[in-house]
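# Observations on chain architecture
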Amino acid sequence: MGGAALLHMRAVLAQEMGGRRVLGRVWGGWWRGPGLCAAPKTADFGTEGRHHLQPRGPSKRSGPLEEQPFPGLLRSENLSREELVDVLRAAVVDQKGKPGELTLLSVLPELSQGLGLRGRQLQLVHASGKETSGLVLLSTCPQTASHLQKFFIHSRRSQRPTATYCAVTDGIPATSEGKIQAALKLEHTDGVDLVVPVKSPSRKDILEGVKRTLSHFRVVATGSGCALVQLQPLTAFPSQLQVHMVLELCPVLGDHTYSARVGTVLGQRFLLPAASTKTQRQVLDEALLRRLRLSPSQATRLPLHLHLHRLHLPGARPRDAPLELLAPLPPYFSRTLQCLGLGQQ
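For the protein chain, the name recorded in an unreviewed UniProt entry is RNA pseudouridine synthase D3, with Equus asinus as its organism.

## Here we look at the overall build of the protein chain
Summing up its helical and strand segments, the protein chain has eight helices and 15 strands in all. Sorting the 345 residues of the protein chain into buried and exposed places 50% on the buried side. If you take every contact in the protein chain between residues at least 6 apart in sequence, the share linking residues at least 24 apart comes to 68%. Element-wise, carbon and sulfur atoms account for 51% of the exposed surface of the protein chain, whose accessible area totals about 17,000 Å².

## Some thoughts on a nonpolar patch on the surface
On the surface, Val265, Leu266, Phe270 and Leu272 cluster together into a nonpolar patch covering about 390 Å² of accessible area. Tracing the backbone shows Leu272 in the loop between strand E13 (268-271) and helix H6 (286-292). Assessed through its relative accessible area of 30%, Leu272 is described here as partly exposed.

## Brief notes about unusual backbone geometry
Phi at Gln159 is positive, roughly 55 degrees, even though this residue is not glycine. Considering the arrangement of structural elements, one finds Gln159 in the loop between helix H3 (142-157) and strand E7 (163-170). For Leu266, which is not a glycine, the phi torsion comes out positive at approximately 55 degrees. Positionally, Leu266 belongs in the loop between strand E12 (262-265) and E13. Here Leu266 falls in the exposed class, since its relative accessible area comes to 84%.

## Brief notes about the pairing of strand E10 (residues 211-223)
Bridge analysis of strand E8 (residues 177-189) against E10 gives eight bridges, and the strand direction is antiparallel. Counted as the bridge partner of Ala183 is Arg212 from E10. Pairing analysis gives eight bridges linking E10 to strand E11 (residues 226-233), with the strands arranged antiparallel. Bridged to Phe217 within E11 is Leu231.

## With respect to H3
Over its 16 residues, H3 extends 23 Å from the first C-alpha to the last, a length consistent with the 22 Å expected when each residue adds 1.5 Å. Of the positions making up H3, those classed as buried are Thr144, Ala145, Leu148, Phe151, Phe152 and Ser155. Down the axis of H3, the sector holding all buried residues measures 125 degrees, keeping them to one side. Residues of H3 that are exposed and point over 90 degrees away from its buried face: Gln143, Lys150 and Arg157.

Calculation notes
- Residues numbered from 1 in each chain as written.
- Predicted model: local features only at pLDDT ≥ 70, side-chain atom pairs only at ≥ 80, totals over all residues.
- Heavy atoms only, no water.
- Helix = DSSP H or I, 4+ residues; strand = E, 2+ residues; numbered from the N terminus.
- Buried < 20%, exposed > 50% of the residue type's maximum accessible area, 1.4 Å probe, protein only.
- Contact = heavy atoms within 4.5 Å.
- Areas by Shrake-Rupley, 256 points an atom, 1.4 Å probe, with all protein chains shown as cover.
- Patch = residues over 30% accessible without salt bridge, like charges linked within 9 Å, V, L, I, M, F, W, Y side chains within 5 Å.
- Salt bridge = Lys/Arg side-chain N within 4 Å of Asp/Glu carboxyl O.
- Pairing = 2+ DSSP bridges.
- Expected span 1.5 Å × (residues − 1).
- Arc of directions from axis to C-beta.

This is the structure:
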């Protein structure tokens, strides 16, 4: 798989640059060097990865938890274009063949130059949602990009998961594992595209863009009324995992788009009509805020706790073993797990 590169990054879209919305926050970076070792298990998320993502430079020690509610986040308003390129260049976690790398499209030329690609064009092969942290796959080789895209399409058709996410949810799913199925559509409301569930979609609905979606979930740990959940989407739709967890009455922590659809009366949760529920910042109860050591104002800036943790890829040649890559959790995610006591169980 010549010319492919993987990065893990925090992808919050915050500002406009060159006609495209640009990553507002990017965190950390791991570089796959010549000496590789097996990756340890992370929070009981199953099999060990084939590559250990090693930090490419000295790590900075975090201060006390109370002083850094969201460690590891960088704000775009404090970064120059050159600094953003430097952060992205440092975020490569795996490289095959000639250098290649991922970034926002608007800074790909600078990033390519910084990586010594000598005019080779980067192509986006796989990425998660814009507010999701984790792995992103790019390639400078059109054949490799096409091969990988066909692999992902075939895997979805055969319902074989290729991506594993971890999420912290506000609430605990009723069952320890299962599948979530829902027909979803995009609706343009108040200038924003929002995902809305559709009950019993007709053939006309399907032809007009409604899609049947499916995800698997498994609860890894619980504590403080929250859960650490492993999620594997078997279809691809915008915000699929966030909406699926809302349908389970357990919105993802930091979901400031869809969490308002879950209402509570006398401690009982229920779904509010998506069409008539306005988007608002996630509201957390006082007990949870105390466990997270956050003020109400800080909670309004809580990042989405949804992380593309593992990506399954085919080998470079037909007889090669499949490749698994792991992205370590962002520091703010690890801090939340510590505050909530969501370790291995």
